[in-house]
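What follows is the residue order along each chain.
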Amino acid sequence: MKILLIGSGGREHALARGLLADPIVEELHCAPGNPGIGEIATLHKIDISNNQEIVSLAEELQVDFVVIGPELPLVNGVADALRAAGFPTFGPSKAAAQIEGSKNFAKEVMNDAGVPTARSATCATRQEIERALDLFGAPYVVKDDGLAGGKGVVVTQDRDEALAHALSCNKVVIEEFLDGPEVSLFGISDGKTVIAMQPAQDFKRAYDNDKGPNTGGMGAYSPLPWAPSDIIEQTHREVLAPVIAEMAARGTPFVGLLYAGLSLTDHGIRVIEFNARFGDPETQVLIPRLITPLATLLYKAATRDLYGVELQWREDSAVSVVLAAKGYPSAPEFGGAITDIPTIADVEMYHAGTASSDSSLVSNGGRVMTVTGLGPNLTEARNRAYRGISHIALNGSFYRTDIALNASIAEMGN
Ligand code: AMP
Ligand code: GLY
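Residues numbered from 1 in each chain as written. Chains lettered and ligands numbered in written order. Predicted model: local features only at pLDDT ≥ 70, side-chain atom pairs only at ≥ 80, totals over all residues. Heavy atoms only, no water.

Visitor: Break down a nonpolar patch on the surface for me, citing the residues and quoting the values.
Guide: There is a patch of nonpolar side chains on the surface, built from Leu 405, Ile 409 and Met 412 and spanning about 280 Å² of accessible area. Structurally, Met 412 can be placed in helix H14 (residues 405-413). Looking at Met 412, the relative accessible area reads 56%, which means it is exposed. (Patch = residues over 30% accessible without salt bridge, like charges linked within 9 Å, V, L, I, M, F, W, Y side chains within 5 Å. Areas by Shrake-Rupley, 256 points an atom, 1.4 Å probe, with all protein chains shown as cover. Salt bridge = Lys/Arg side-chain N within 4 Å of Asp/Glu carboxyl O. Helix = DSSP H or I, 4+ residues; strand = E, 2+ residues; numbered from the N terminus. Buried < 20%, exposed > 50% of the residue type's maximum accessible area, 1.4 Å probe, protein only.)

Visitor: With reference to specific residues and values, describe unusual backbone geometry.
Guide: Leaving glycine out, the prevailing phi sign among residues is negative, and the prevailing peptide bond configuration is trans. With omega at 0°, the peptide bond leading from Ser 222 into Pro 223 counts as cis. One can find Pro 223 in the loop between strand E15 (219-222) and helix H10 (231-249). In this structure, the amide linkage connecting Tyr 328 to the following residue, Pro 329, adopts the cis form with an omega of 5°. Note on placement: Pro 329 falls in the loop between strand E18 (317-324) and strand E19 (347-351). In this model, Asn 209 sits at a positive phi of 60°, which is unusual for a non-glycine residue. The topology assignment puts Asn 209 in the loop between strand E13 (205-207) and strand E14 (211-214). If you check the backbone angles, Arg 304 has positive phi at about 60° while not being a glycine. Looking at the element boundaries, Arg 304 is found in the loop between helix H12 (294-302) and E18. Take Arg 304: its relative accessible area is 40%, and that puts it in the partly exposed class.

Visitor: Which residues make up the site of ligand 1, and what values go with them?
Guide: Glu 175, Glu 176, Leu 178, Glu 182 and Glu 273 are the nearest of the 13 residues found near ligand 1. Within the side chain of Lys 103, an N or O atom sits 3.2 Å from an oxygen atom of ligand 1. Residue Glu 175 places a side-chain N or O atom 2.6 Å away from a nitrogen atom belonging to ligand 1. Elements supplying a minimum of two residues to the shell around ligand 1: strand E7 (140-144), strand E8 (153-156) and strand E17 (268-275). (Near = heavy atom within 4 Å. Polar contact = N/O pair within 3.5 Å; in protein donor to acceptor, adjacent residues only side chain to side chain.)

And the structure:
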């Protein structure tokens, strides 16, 4: 099978390795990719915000299957364009990707499907905004309705800050604060059947102890030894299956990866958000743990053939730590030389914001690399990830030192 993978992050590097590990894959192409992906796949420089460029590349290469990584092309409708041109595609249609593209749409789907989520109000005027802020109280949760690249959500005790953010949005969702540990749990769907993956936890704030601004994600780990033993079944039953059924009933079936961001509150599971694609950096801990051949799995989803498939997982734990460029997330510095990417057993080095310049490697994004350690438990996986990342030299770069720390301490206490 000849596959075209769209995207250029650490998530896509992990997907690329996963796809190539499946014997069904004969050729892997990636657009635009990054130098790490370029070591294992053929790269094509195209503008992935342009649907026609993606379709033309798929036609030129005569690929059998297309896998879409990031949300932007999905929300732009590239999956519809590819399917119309005859390509099996892993990734939802434009209409189904609205579950990530519009917070208000996601709320409507959840309400219609009876899926537990924070109570919310969608507001257009200052009066509506102020009423909603006072109804739900502090901490205030204010969400830009549209895609905002991780910058759309403000959670704050400060009513003035909440109001200012709300007024800066075109359409805004204000909701109740959910108190509980966050879990990312992904469902792979063919539009009818949905299969839950294992849970992971993401670290969203830039600095240790959950300080600093929100980011795309600074690290992740899986499995979650502290999570309820039935979390996969419960999330499948209460969240994933009802949403997939609702999307099908609306005539906009969701084919691809449904990312459920959950809060495990005292009152049970609540959905914080949905995404329409694999998470980053959660994918970098899940894919190395997945035994089930990835290309076959995603192809079955794309061709509506998932019924009866069960996932197999390694017993191993995985911990990923993101190396961020100086200034990330507000103003990351690009162009710094990256040296000393080591090769270490049970450590995966995933490129994200990297580029080649005069045959050397330089930073080219806020999140530069993801380093994943694997081991028989979180403590060993964590040690390997940190040993790996400590070797990489990039001026001014930083990473969190507390990824999976509490879970590792709890695990050692057992
Ligand atoms: P989102 O873009 O919806 O994932 O929001 C980004 C982050 O804001 C989430 O990962 C949570 O940490 C936080 N957040 C969003 N909604 C809520 C909520 N209702 N209660 C508490 N925290 C929230
Ligand atoms: N790790 C969060 C996300 O992918 O949106």
